[in-house]
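# Notes for the structure review
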Amino acid sequence: MRRATTPTAVGGLVGLLAAVVILGPTLAPGFQLGYDMVFVPDLGFGERTLGVDGAVPRAVPNDLVVAVLSTVLPGWLVQKLLLVTVFVAAGAGAGALLPGRRAAVAGALVACWNPWIAERLAIGHWGYLLGYAALFWVVRTAGRVRRGESAGGSLGVVMALAGLSGSTGAVLAVVMATAVLLAGSRWPRAWRAWGWAMLVSVLVAASWWFPFLRSDASSSADSAGVEAFAARGDTPWGMVGSVLTGGGIWNEASWFAERQSLLLSGVALVGVLAAVVIAWSDARVRSRPEYLGAAVAGLLGLVAGVAAGLPGGRELVSFLVLQVSGGGLVRDGQKFAALWMVAVSLAVGLCAARLAATASRRGAGRWIAGGLAAATGLVTVVTLPGLAWGAGGRWGSVDYPVDFTFVAERLERAEPGAVAVLPWTQYRRYGWNDDRVLLDPWPRLLQRDVRVNDALPLRDGVVAGEDPRAADVTRALGAPGGDVLAALRAVGVRHVLIQPDQPGPTLTALQLADADLRVRTESLEWWDLGDEGLAPVPEAEPIDHLGLALGGLGLLLAAGGAARAVVRRPREHS
């Protein structure tokens, strides 16, 4: 019974309740589909999933994790489990770091219900969310290692799990672990633990950085993306004030209406600043490596989040994006505010504990003291009520139409050749998905080479895409002389999948006169361009899979380090 009431368990329960209240209708059977939140009934192990198809490996290895889980569970259930895991892991992690159940309730509430979670969930960055949840466990494990309460092998496991959430989660975990282990430390064991954590992280991350370095896309970043992905002011308090409260994502469609309220956003801002000042004014708090490291990492994340909007910051970010290989990771700076929100969550929890203790010393009853602590955490809910119940019903669960799955099965068995999906745009609005904006799902519905325009349209321009195969199709569609089909075949495209109910540039009936219509439904047309002049689709070479092999090695090292720690522990106590 005592285990069920530990701060960790209480925080996990708060996270579970937050998941139910926040996700609401999206927990029903079916898929929550919106923006980059693209799950499919059965994600296969195609080259795109493995990150070796030549495109930028943005969803590696998190899509691979989904593919593995989808071998034993339906795709929609995998999605629900991953989303619920975000909240339970974040809540339990916050609780594990805080002194007592009251603090755990307040800290877990803020960890699970804040503008960063809300806006990243709205834009569909589920991998980012898993990486964020892992940060609390990175803090806890790194702190225990630094104090000698845990072996370095356990930290390797946590870093590996964070790395499985994708490139952003891996980078955030590296920053957090470094801050917790090394901030103010001269202890040799901390440096050894840090080296072990970095080794595991780099190896697991090889699943995405190795194919990225081998891809032609690694040198095709667009400078327009720096401004496009810079943080924005989603509150009346400007860009800096917005990021301080965890918001400010670049996509305005992901904002919540109450964030524009001077009163609600003002209360949130004052609450954050007050919690941080009160919590870190306590010397005992600053002396603990978990809290000190979270504060240092949080400040670094805050600076990275606002950098592109500060004088000189845009130029620095542009230099990193354009001149440093892999620098595109810092383009969306607001995502680094995840580090700041971890620090804020802990600060609120510490303030709640301090408030409850003060009330108890002055004779307040246990329930009054607990209520004051809970109210401290509830401020974040009161100032962001629109997140409840699937963003007020904006999110929900749907099923893919039968013709999508039917055509996908037929196309999977079709003759060799790439598939080009038209109209030639990146995002769709399907009636069966309540017209929510959605990244085209066909690259995940099919395991074969699928080409979709990866250029990002914005209100005031377009951020150029980075996939060289998509660029080939763009040039083919604009082929001089009008022989578009020959141009498409020359870049390896044999199959054209047209979605007539979607707006954007496509092929006309005249242009398709020499093609064979294989399937036509209300929402899909599959055209076979034939094999005359068809260029072979380049396949991954054995060397391209080295990144996956290194990633597997990292996982094995992490598991081995944890097992070694378990074996040594009984011997040390015997």
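For the structure itself, look to the data block above.
What comes next is a walk through the structure. Given the structure is predicted, the values throughout are model-derived calculations rather than measurements. (Residues numbered from 1 in each chain as written. Predicted model: local features only at pLDDT ≥ 70, side-chain atom pairs only at ≥ 80, totals over all residues. Heavy atoms only, no water.)

### Digging into the overall build of the protein chain
Put simply, the rule is: Helix and strand definitions follow DSSP, with helices as H or I runs of at least four residues and strands as E runs of at least two, each counted in order from the N terminus. The globule rule is 2.2 Å times the number of residues to the power 0.38, and the radius of gyration it is compared with is taken over C-alpha atoms. Whether a residue is buried, partly exposed or exposed follows from its accessible area with a 1.4 Å probe, protein chains only, as a fraction of its type maximum: under 20%, in between, or over 50%, in that order. By the convention used here, residues are in contact when the closest approach between their heavy atoms is within 4.5 Å. Accessible surface is estimated by sampling points in the Shrake-Rupley manner with a 1.4 Å probe; for residues, cover comes only from the protein chains shown. Only four residue types enter the tally: Lys and Arg on the positive side, Asp and Glu on the negative side, with His and both chain ends excluded. A charged residue contributes its charge at one atom only: NZ of Lys, CZ of Arg, CG of Asp or CD of Glu.
A tally of regular secondary structure across the protein chain gives 24 helices and nine strands. Computed over its C-alpha atoms, the radius of gyration of the protein chain comes to 25 Å, within 12% of the 25 Å expected for a compact globule of 574 residues. Taken along the three principal axes of its C-alpha coordinates, the protein chain extends 85 × 55 × 50 Å. Buried positions account for 54% of the 574 residues belonging to the protein chain. For the protein chain, restricting intrachain contacts to residue pairs at least 6 apart in sequence, the fraction spanning at least 24 positions comes to 77%. For the protein chain, the computed accessible surface area is about 24,000 Å², with 63% contributed by carbon and sulfur atoms. Put simply, the protein chain has 48 plus and 44 minus side-chain charges, and the middle of one group is 19 Å from the middle of the other.

### Brief notes about the environment of Ser287
This is how it is decided: Pairs of N or O atoms are called polar contacts if they sit within 3.5 Å, as long as, within protein, a hydrogen donor faces a hydrogen acceptor (for residues adjacent in sequence, only side-chain-to-side-chain pairs).
Looking at where Ser287 falls in the secondary structure, it is placed in the loop between α14 (283-286) and α15 (289-306). For Ser287, a relative accessible area of 57% gives the class exposed. Along the sequence, Ser287 and Gly184 sit 103 residues apart, while their C-alpha atoms lie 9.4 Å from each other. Looking at Ser287, its side chain comes within polar contact range of the main-chain oxygen of Arg284, at 2.7 Å.

### Some remarks on the packing of aromatic side chains
How we decide: Each pair of aromatic rings taken from Phe, Tyr and Trp, with Trp reduced to its six-membered ring, is defined by centres within 6.5 Å and is described as stacked if the planes are under 30 degrees apart, edge-to-face if over 60, and tilted in the remaining cases. Two conditions define a charge located above a ring, namely a distance within 6 Å from the ring centre to NZ of Lys or CZ of Arg, and an angle within 35 degrees of the ring normal.
Across all of its chains, the model carries 13 aromatic pairs by this definition. With a centroid separation of 5.5 Å and an interplanar angle of 90°, the aromatic rings of Phe404 and Tyr430 are classed as edge-to-face. Taken together, the residues span a long stretch of sequence, with Phe404 in helix α20 (residues 402-412) and Tyr430 in the loop between β2 (427-429) and β3 (437-439) at a distance of 26 residues. Residue Phe404 shares its accessibility class with Tyr430, and that shared class is buried. Judged by centre distance (4.9 Å) and plane angle (15°), the rings of Tyr430 and Trp432 are stacked. Owing to a relative accessible area of 1%, Tyr430 belongs among the buried residues under this scheme. Feature note: the residues Phe31, Tyr400, Phe404, Tyr430, Trp432 and Trp442 constitute an aromatic cluster, connected by ring pairs. Positioned over the ring face of Phe256 is Arg394, at 5.1 Å from the centre of the ring.

### Overview of the sheet that holds strand β4 (residues 450-451)
Quick note on the threshold: Any two strands are treated as partners once DSSP identifies two or more bridges connecting them.
Sheet architecture is open: five strands sit in the order β4-β1-β7-β9-β8, paired in mixed fashion. The outermost strands of the open sheet, each flanked by one partner alone, are β4 and β8 (516-520). Pairing geometry for strand β1 (residues 418-422) and strand β7 (residues 493-498), over five bridges, is parallel. For Leu422, the partnering residue across the bridge sits in β7 and is Ile498.

### Remarks on helix α8 (residues 152-163)
Put simply, the test is: One less than the residue count of a helix, multiplied by 1.5 Å, gives the span that helix is expected to have.
Here α8 spans 17 Å end to end across twelve residues, near enough to the 16 Å set by a 1.5 Å rise per residue. Taken residue by residue, α8 has Gly153, Leu155, Gly156, Val158, Met159, Ala160, Ala162 and Gly163 as its buried positions.

### Digging into unusual backbone geometry
A cis amide bond, omega 0°, links Val60 with the succeeding residue Pro61. Along the chain, the position of Pro61 falls in the loop between α2 (47-50) and α3 (62-69). Between Leu422 and the following residue, Pro423, the backbone shows a cis peptide bond with an omega angle of 0°. On the secondary structure map, Pro423 appears in the loop between β1 and β2. A positive phi angle, close to 50°, is found at Trp389, a residue other than glycine. Looking at where Trp389 falls in the secondary structure, it is placed in helix α19 (residues 388-393). Although it is not a glycine, Ala391 adopts a positive phi angle of roughly 55°. Relative to the helices and strands, Ala391 is located in helix α19.

### Some points on the pattern of salt bridges
To be explicit about the condition: We count a salt bridge whenever a side-chain nitrogen from Lys or Arg sits within 4 Å of a carboxyl oxygen from Asp or Glu.
With the rule as written, the count across this model stands at 23 salt bridges. Asp434 is the partner of Arg436 in a salt bridge, and the nearest nitrogen-oxygen pair spans 3.2 Å. Residue classification places Arg436 among the buried residues on the basis of a relative accessible area of 14%. Here Asp434 falls in the exposed class, since its relative accessible area comes to 55%. Its salt-bridge partner being Arg469, residue Asp449 comes within 3.0 Å of it at the nearest N-O pair. Of this pair, Asp449 sits in the loop between α21 (442-445) and β4 while Arg469 sits in helix α22 (residues 468-477); the two residues are 20 residues apart in sequence, bridging distant segments of the chain. The exposure class assigned to Asp449 is buried, which follows from its relative accessible area of 14%.

### Focus on the nonpolar core
What counts here: The definition of a nonpolar core used throughout is a set of buried Ala, Val, Leu, Ile, Met, Phe, Trp, Tyr and Cys residues joined through side-chain atoms within 4.5 Å.
Of all hydrophobic cores here, the largest spans 124 residues; its most connected members are Phe87, Leu121, Tyr132, Met176 and Trp442. Looking at which element gives the most residues to this core, the answer is helix α17 (residues 337-361), with 15 residues.

### Thoughts on the pairing of β8
Bridge count for β8 against strand β9 (residues 525-528) is four bridges, and the pairing is antiparallel. Paired with Asp516 across the strands is Asp528, a residue of β9.

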